[in-house]
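# Notes for the structure review
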Amino acid sequence: MMSKTARAWRTYRDVTKPGTPGLMARVRAIPRMIGASARGEFGARKNLVLMALGVLYIVSPVDVIPDFLVGIGVVDDFGVFLWLLSAMLGESGRYVEWERKQIRAVPS
């Protein structure tokens, strides 16, 4: 299994690679991706559910490692945040590519 830091680095490389959707294109695509997934047009429901659980974990007062343990208490939240960020950017990049294929497939 890839570490959260390695996954975040791989996502950064993917975002900055020429020819792939850039950071802002991916960020702007997130609401469209959520809508398309909710309508069943884009197959990312399972991943979006996992991301929603990640957001709930970050904002919930219940943690695996309590935040009052200074230094290590925030590490688990930060790990989930890194995973969430890389997963969201990776999935939205996949969505942008999917959107581009859909646009190319529509006859003029």
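Before any of the text, the structure's been laid out above.
Residues numbered from 1 in each chain as written. Predicted model: local features only at pLDDT ≥ 70, side-chain atom pairs only at ≥ 80, totals over all residues. Heavy atoms only, no water.

Counting 13 residues, the largest nonpolar core has Met-33, Phe-42, Leu-48, Met-51, Met-88 and Tyr-95 as the members making the most contacts within it. Taken together, the elements giving at least two residues each to this core come down to helix H2 (23–38), helix H3 (45–59) and helix H4 (75–105). Per-element tally for this core: the top contributor is H4, with five residues. If near-sequence neighbours (up to four positions away) are discounted, Met-33 is found in contact with Phe-42, Leu-48, Met-88, Glu-91, Ser-92 and Tyr-95. (Core = buried A, V, L, I, M, F, W, Y, C linked by side-chain atoms within 4.5 Å. Buried < 20%, exposed > 50% of the residue type's maximum accessible area, 1.4 Å probe, protein only. Helix = DSSP H or I, 4+ residues; strand = E, 2+ residues; numbered from the N terminus. Contact = heavy atoms within 4.5 Å.)

Glancing now at the environment of Val-80. Considering the arrangement of structural elements, one finds Val-80 in helix H4. Residues Val-80 and Leu-53, 27 residues apart in the sequence, show an inter-C-alpha distance of 9.9 Å.

As enumerated under the stated definition, the model contains four aromatic pairs in all. Between Phe-42 and Tyr-95, the ring centres sit 5.1 Å apart and the planes meet at 80°, which makes this aromatic pair edge-to-face. Separated by 53 residues along the polypeptide, Phe-42 in the loop between H2 and H3 and Tyr-95 in helix H4 bring together distant segments of the chain. With respect to burial, Phe-42 and Tyr-95 carry one shared label: buried. (Phe/Tyr/Trp six-rings, centres within 6.5 Å; stacked < 30°, edge-to-face > 60°.)

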